[in-house]
Amino acid sequence: MMGAQSCFVGVGVLGYDSSNSIQFRSSSRSRPAYRLSCRSSCHNPKKANFVMKFESDQEPKLKMKQESSQDTKFSWNMLMSAYVPLVIAPSIWTSLIVNGCFYILGLVKGQSMLTTAGYNHAFVLGILLWAAMGFPGWILCVTFLLLGSKVTKIGYDIKQRENTLEKRQGRRGPENVWGAAGTSAICSMMILGLPYILPLLPLNEPLAWIPYAKHMLQVAYVASISTKLADTGASEIGKAYGRTTYLITSLKQVPRGTEGAVSLEGTVAGIFGSVLMAVLALSVGLIYPREIPIIVIASFIATTSESVIGASIQESMQLSNEFVNFIMTVIGALVGGLMWMALN
């Protein structure tokens, strides 16, 4: 398990700690406290040896010891119905308060990175990210937004002269927010929904898989964000400083700014961007050092796929840049998550 974790609300506490115990303690005097302990010698739920008692073969009912020494029996459904609101409710409220404060601060001080509509949509995205992954997931996306905005302004005069500037002078609207971070929102919602999703799967101990599944989704999230910064860096640096640009599908030399065009300078900038985001994710505890290559490889595969889409079908199918960006981040998340699962 990845460290001590617990959730606090007015009615009680449910969490799992480093001793591999799942505990529920009620704050109400009329409600007893329960503890479900599982003995495990490793961190991988697939290999863990859990000690549980079942009431019957038809519906597994766990036998828990009450602190008053009386036995109380709960089914998985009853346990999950208690678990879900305990996990989701406090994180949502904390997220609303924190993001609300930053939202008001941005309105008061003013900001130039997003349009008004884009700012409102980013507020919703921030709520999801903080609720699912706390400060680490939230600050990684904020850092991406800041870095992406700065990179967009690199070589401004050159891109203005060659008419390759981003629309609205780089200010992001709602379509940009969800095109870049829609996959991040999906990962966040899946993390919040794990207590609902896992019991539907053929798993013997669904609760024990939550830390495992959450970390896989965190890796996918980091891969999606790294993919988008890599794409932004490759595109903006390539448009400003790419000496020679080639269409990725035919290797034919084309003007800078052409959809599907790649350059050495842009490619190097993209790889640097993905490494930077992976290191930042490591610094806030979202991933482990051994997972940095996964993030970089997933980002490279996804950005290359985006270039292929741009050079082949984007114009003929009239796909917007924002939709192509969303597809690209989905590819990055899927490749990152699947690579992590294959190696773990």
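Just above, that's the structure.
Fair warning: this is a prediction, and the values are worked out from it, not measured in the lab.

Draft legend 1. Seen up close, the environment of Ile327. Structurally, Ile327 is set in helix 9 (residues 321-343). Given the relative accessible area of 28%, Ile327 is considered partly exposed. Between the C-alpha atom of Ile327 and that of Ile309, which follows or precedes it by 18 residues, the distance is 9.6 Å.

Draft legend 2. Examining a nonpolar patch on the surface more closely. Where nonpolar side chains cluster on the molecular surface, the patch consists of Ile186, Met189, Met190, Tyr196, Ile197 and Leu201 and spans about 550 Å² of accessible area. Broken down by secondary-structure element, the contributors of at least two residues to the nonpolar patch are helix 4 (174-192) and helix 5 (194-197). Sort the elements by how many residues they give to the nonpolar patch and helix 4 lands first, with three residues. Within the fold, Ile197 resides in helix 5.

Draft legend 3. Examining the packing of aromatic side chains more closely. Under the definition given, this model contains eight aromatic pairs. Ring geometry for Tyr103 and Tyr119: centres 5.0 Å apart, planes at 15°, overall stacked. Of this pair, Tyr103 sits in helix 1 (residues 76-109) while Tyr119 sits in helix 2 (residues 116-152); the two residues are 16 residues apart in sequence, bridging distant segments of the chain. Its relative accessible area of 22% is what places Tyr103 among the partly exposed residues. Since its relative accessible area comes to 12%, Tyr119 is described here as buried. Consider the rings of Tyr212 and Trp340, whose centres lie 5.2 Å apart with planes at 55°: the pair is tilted. Of this pair, Tyr212 sits in helix 6 (residues 210-241) while Trp340 sits in helix 9, placing them 128 residues apart in sequence. Here Tyr212 matches Trp340 in class, with each residue buried. Here a set of aromatic residues connected by ring pairs shows up, and it is made of Phe102, Trp130, Phe135 and Trp138.

Thresholds applied
Residues numbered from 1 in each chain as written. Predicted model: local features only at pLDDT ≥ 70, side-chain atom pairs only at ≥ 80, totals over all residues. Heavy atoms only, no water. Helix = DSSP H or I, 4+ residues; strand = E, 2+ residues; numbered from the N terminus. Buried < 20%, exposed > 50% of the residue type's maximum accessible area, 1.4 Å probe, protein only. Patch = residues over 30% accessible without salt bridge, like charges linked within 9 Å, V, L, I, M, F, W, Y side chains within 5 Å. Areas by Shrake-Rupley, 256 points an atom, 1.4 Å probe, with all protein chains shown as cover. Salt bridge = Lys/Arg side-chain N within 4 Å of Asp/Glu carboxyl O. Phe/Tyr/Trp six-rings, centres within 6.5 Å; stacked < 30°, edge-to-face > 60°.

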